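Now for the letters of each chain:
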Amino acid sequence: METVSGPGNWRLSVRRERDGVVILGAVTCDRRAVLPETLFGLPVTALGHHALTPGRPWPQGEEVLVTWGPQTGDWDNRKLEDLVLPSSLSRVGDYALLNCGTLKALRLHGGPVFWGGAVLMNCRSLDTLHLTRRGPDQGETLAWFAGELSRELDVTVEAPGGTARLLFPEYTELYEENCPAHHFDYFISGAGYPYHHCFHQKKLNFKDYDALWPGFLAMEHNGETALRLAWYRLRWPMELGAEAEAAYLDYLRSRLSEALVWLAGQGDSAGLRFLLDRVEPDRAALSAACAQARAREAPALVALLLEEQHRRFPQKSADRFLL
C-alpha cells in the first residue's frame, strides 16, 4: 500500500486512467473529511459505484493510504458528517454515498458533474450544501440536489460575483392507493415544492426564486423557516432586487423580536449589527435578545445589545446594566 500526504485521512482503492484517477472505494476515520484533489500527479475525476458506502465489499484496485494528521476513531464512513469533494470531479457513480447516514454537509467545487442513480440514498441527515460556482454550469448541480432531496436544504453558493445563501423549504410527496378506482392518488404537502422546482433548464434564476415569497407566506408554512429564508436573502443579497429586498425586510420587521433572539442565539454579532441598522426595535425586543445573549454567555453580544438599548432608550444615570 502506497502512503501519501493529503488533506484528510483516507484508505483508498483507486484506478489510474489516462486523464485522471477514479476512486473505487474510500473510507475515512475523520468526521470532517476532504478527498484529495490529485493522486500520482493526476486529478481525481470520478467516484465509482458505492465508493463511500459503509460496509460494502472492498473493491479491487491500487491501494493508497492518505494521511493528514492524527488518525483517531474507527475507519467507518457511518460517522462521516462533513465531506469536501474534489474540484476536478466530473462523475459520481451509482449509490456512491449510500448509507452515509450521519453526513450532514457536502461541499462541491468546479463545473458540471454527472450524478449516477441513488447517490444519496439513506443520507437522511444531509441538509447543507456549499457550492463554489466557477461558471454558469454549476447551477445544474444545485438543480440536481434540489430535485433529489425534498427535505429542507441550506445552500451557500460562492460565485465570482459574490456569495448567496438560500433556503429551500421542506415538502413531502405521498402516493396513496385508491382501491375502488384502481389507481394511486398523489399528494404534496409543505410549502417548499415550488422552491425545489424553480429551475429553468437546470439553472436557478434569483428573480424567480424571490418571486415565490408571497406564495410561500400565503401557504401553511413554518415561521422559523420563513424567518431564516428572508434573513439569508437580505444578509447575502446576490442579485436581490429592491422590491424583493423590501418584502423580506418587512417580514423581519413583523417578527423582529424573534429575529433578534435567533441571531443572538447564533452568536452572530455582525448579523445583529446589520439588522439593527435597518429596523426600529422596541425595548422588549432588545431585552429579549439580551436575555438570549446572556444565556449563551456571550458578553460581546450583550454589550452590543445594551449599547443599542441605551442609544435608543436612554436611562437615568442611576440605572445599572449587568453584562
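Okay, so let's go over this structure. Predicted model, so just to flag it, every value in this text is computed and none were measured.

### Thoughts on unusual backbone geometry
Item 1. Positioned with a positive phi, alanine 118 is a non-glycine residue whose angle comes to about 55°.
Item 2. In this fold, alanine 118 is placed in the loop between strand E11 (114-115) and strand E12 (128-133).
Item 3. You can call alanine 118 partly exposed: its relative accessible area is 24%.
Item 4. A positive phi angle is found at glutamate 297, which is not glycine, with a value near 55°.
Item 5. Checked against the element boundaries, glutamate 297 lands in the loop between helix H9 (283-295) and helix H10 (299-312).

### Describing the environment of valine 119
Item 1. Note that valine 119 resides in the loop between E11 and E12.
Item 2. Note on valine 119: relative accessible area 0%, which makes it buried.
Item 3. Taking the C-alpha atoms as reference points, valine 119 and glycine 93, 26 residues apart in sequence, are found 7.1 Å from one another.
Item 4. Residues contacting valine 119, with those up to four places away along its chain left out, are Val92, Gly93, Tyr95, Ala96, Leu97, Leu98 and Trp144.

### Remarks on the packing of H9 against H10
Item 1. Packing of H9 against H10 brings their axes to within 9 Å, and their N-to-C directions diverge by 165°. Considered as vectors, H9 and H10 are oriented roughly antiparallel to each other. Judged by the sense of rotation from one axis to the other, the crossing of H9 with H10 is left-handed. Residues Arg283, Leu286, Ser287, Ala289, Cys290, Ala293 and Arg294 of H9 form the contact with H10, whose participating residues are Leu301, Val302, Leu305, Leu306, Glu308, Gln309 and Arg312.
Item 2. For the contact of H9 with H10, a count of residues per class yields eight nonpolar, two polar and four charged.

### Section: H10
Item 1. Along its 14 residues, H10 runs 20 Å from first to last C-alpha, staying within 8% of the 20 Å computed at 1.5 Å per residue.
Item 2. Within H10, burial applies to Leu301, Val302, Leu304, Leu305, Leu306, Glu308, Gln309 and Arg312.
Item 3. Considering only its buried residues, H10 is in contact with helix H7 (256-266), helix H8 (269-276) and H9.

### Quick notes on the packing of H7 against H8
Item 1. Viewed as axis vectors pointing N to C, H7 and H8 meet at an angle of 155°, and their least axial separation amounts to 8 Å. The angle between the axes of H7 and H8 places the two elements in the roughly antiparallel class. Handedness of the crossing formed by H7 with H8: left-handed. Along its contact with H7, which presents Leu256, Ala259, Leu260, Leu263 and Ala264, the element H8 presents Gly271, Leu272, Leu275 and Leu276.
Item 2. The class makeup of the residues in the contact of H7 with H8 is eight nonpolar, one polar and no charged.

### What to know about the pairing of strand E6 (residues 42-47)
For a regular strand, side-chain orientation follows a simple rule: the groups alternate between the two sheet faces.
Item 1. Here strand E3 (residues 21-28) pairs with E6 via three bridges, running parallel. Across the sheet, the residue bridging to valine 22 is alanine 46, located in E6.
Item 2. Hairpin connection from strand E5 (residues 38-39) to E6: two residues lie between these consecutive antiparallel strands, with phenylalanine 40 at a positive phi of about 60°.
Item 3. Bridge count for E6 against strand E9 (residues 91-92) is two bridges, and the pairing is parallel.

### Quick look at the packing of aromatic side chains
Item 1. A complete count under the given rule lists 13 aromatic pairs for this structure.
Item 2. Each ring, one from tyrosine 195 and one from tyrosine 209, has its centre 5.1 Å from the other, and the planes form 75°; the classification is edge-to-face. Note that tyrosine 195 is positioned in helix H2 (residues 193-196) and tyrosine 209 in helix H3 (residues 206-211), a separation of 14 residues in sequence. One exposure class covers both tyrosine 195 and tyrosine 209, and it is buried.
Item 3. Members of the aromatic cluster, each reached through a chain of ring pairs, are Phe168, Tyr195, Phe199, Tyr209, Trp213, Phe216, Tyr248 and Tyr251.
Item 4. Above the plane of the ring of tryptophan 75 lies arginine 11, whose end atom (NZ or CZ) is 4.2 Å from the centre.
Item 5. A cation over a ring is seen here: arginine 278 above phenylalanine 274, with NZ or CZ 3.6 Å from the ring centre.

So, how was this worked out
Residues numbered from 1 in each chain as written. Predicted model: local features only at pLDDT ≥ 70, side-chain atom pairs only at ≥ 80, totals over all residues. Heavy atoms only, no water. Helix = DSSP H or I, 4+ residues; strand = E, 2+ residues; numbered from the N terminus. Buried < 20%, exposed > 50% of the residue type's maximum accessible area, 1.4 Å probe, protein only. Contact = heavy atoms within 4.5 Å. Axes fitted to C-alpha atoms, helices over the stretch in contact; angles between N-to-C directions. Parallel < 35°, antiparallel > 145°, perpendicular 65-115°, else oblique. Left-handed = near helix turned anticlockwise from the far one by under 90°. Nonpolar A, V, L, I, M, F, W, Y, C, P; charged D, E, K, R; others polar. Expected span 1.5 Å × (residues − 1). Pairing = 2+ DSSP bridges. Phe/Tyr/Trp six-rings, centres within 6.5 Å; stacked < 30°, edge-to-face > 60°. Lys NZ or Arg CZ within 6 Å of the ring centre and 35° of its normal.

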